[in-house]
Amino acid sequence: MNRFGRTVAAVALATALALVSGCGGSDSDTGAGADAKALEQVTYLTSFGNFGRDAYAWVAKDKGFFKEAGFDVEIKPGQGTGGVIPAVVSGRAQFGPIDLTGGLLQMGSGQAKDFVAVAAIQQRTMAAIATTEGNGIAAPKDIEGKRLADTPGSVVRNLFPTYARLAGVDAGKVTWVNGDAQTLMGTLASGSVDGIGQFVVGKPTIEAVTKKKAVLLPYSDVMPDLYGNVLITSKKIAEQEPEMVKRFTTALLKGLEYSLANSKEAAEILKRNVDATNPAAAAAELELMAAYVRPGGSGTAIGTLDSGRVAKSIAILQGAGALPHGMTPEQIIDFDLVPKA
């Protein structure tokens, strides 16, 4: 009887454990499924390759900011304004940063449409011509007769005619060759070109790659009112899912703010996700970028865009013959979705 009793008890216990395990497993699976289903799949393109300046997206993912906002984000390297816009408009990506001036130029020329900016990343343009000591370039006029490389759709290249005109450079005396975002610095280091299109924050990475002192000609020296990168999405998403856009923007800007306050940690997060990262150079890029991100005249909150400043930028470009008359800030920016100052 004792043995029979022990057997019954054992069977009962095993059955109970199985039921508990089954119920627990079912709850867990359901919860996981619910979480997975609740997370919206989003593809985000960086502005230009996977450099330190774009580490904030990886930080937003690593620190859980995207997940907290309800997103499962895949981050892919972008190839400049000319590459990010068509990817977002076509739906291959839902979000990505472009240079606002580059976006205006593409929209004004009819090359691009159906996208809107929803937040500022940088309050001033970081576009520049970059070279190294020994290439005979110290001032804008020195680039005449030189070979420069950049991606075909980059803002540096698209804005160059306007920059050249305002800086007193004969653009016809400058030769541009095509390059790739991730290999431009290597092209400069090899000596096959005299300079490259680059953001000013790329200086530490240029010096790490070329082993030479970098020399930069910032476009902001002659066009100080231009914004830098802005976050864009398609007009379709902005119109149909405005609350989703706001959630994503908030999470991304949280990653941006965290990265600026913790540049070394942000660089290490980028390194974990992108093997080719030089952590010291990536951290230095973020430290340089901080001065361009903090708002001035457009408010105190990161991400704000001021309609008056954008209108002034449009006027500058129109005055230089780079934009048709009649363009307005509202054509490229959805101010209902932009963070408030």
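Residues numbered from 1 in each chain as written. Predicted model: local features only at pLDDT ≥ 70, side-chain atom pairs only at ≥ 80, totals over all residues. Heavy atoms only, no water.

Looking at the protein, pLDDT values average 88 and 88% of them are 70 or higher. A low-confidence stretch, residues 1-34 (pLDDT under 50), is modelled with zero contacts involving residues beyond four sequence positions or located in other chains. (pLDDT = per-residue confidence, 0-100. Contact = heavy atoms within 4.5 Å.)

Attention shifts here to the packing of helix H11 (residues 263-273) against helix H12 (residues 279-293). The contact between H11 and H12 brings their axes to 8 Å, and the two run at 130 degrees. In terms of orientation, H11 and H12 fall into the oblique class. Seen from above, H11 lies across H12 with right-handed handedness. Contacts from Ser263, Lys264, Ala266, Ala267, Glu268, Leu270 and Lys271 of H11 reach H12 at Pro279, Ala282, Ala283, Leu286 and Glu287. Split by residue class, the contact of H11 with H12 holds seven nonpolar, one polar and four charged. (Axes fitted to C-alpha atoms, helices over the stretch in contact; angles between N-to-C directions. Helix = DSSP H or I, 4+ residues; strand = E, 2+ residues; numbered from the N terminus. Parallel < 35°, antiparallel > 145°, perpendicular 65-115°, else oblique. Left-handed = near helix turned anticlockwise from the far one by under 90°. Nonpolar A, V, L, I, M, F, W, Y, C, P; charged D, E, K, R; others polar.)

Bringing the side chain of threonine 46 into the picture now. Along the chain, the position of threonine 46 falls in the loop between strand E1 (40-45) and strand E2 (48-49). Judged by relative accessible area, which is 0%, threonine 46 ranks as buried. Of the polar contacts made by the side chain of threonine 46, one reaches the backbone nitrogen of glycine 78; its length is 2.9 Å. In this structure, threonine 46 is in contact with Asp54, Ile75, Lys76, Pro77, Gly78, Val84 and Pro97, ignoring residues within four places of it in sequence. (Buried < 20%, exposed > 50% of the residue type's maximum accessible area, 1.4 Å probe, protein only. Polar contact = N/O pair within 3.5 Å; in protein donor to acceptor, adjacent residues only side chain to side chain.)

The next point concerns the layout of surface pockets. For the largest pocket, the calculated volume is near 270 Å³. Considering the residues around the largest pocket, the lining is formed by 17 residues, among which Phe51, Thr205, Ala276, Thr277 and Asn278 are closest to the centre. At the level of secondary structure, the elements contributing two or more residues to the lining of the largest pocket comprise helix H7 (184-190), helix H8 (203-210) and H12. (1 Å grid on protein atoms, 1.4 Å probe; cavity = no way out; pocket = protein on both sides within 12 Å on 5 of 7 lines; lining within 4 Å. Points joined across faces, edges and corners; volume = space filled by probe spheres on them.)

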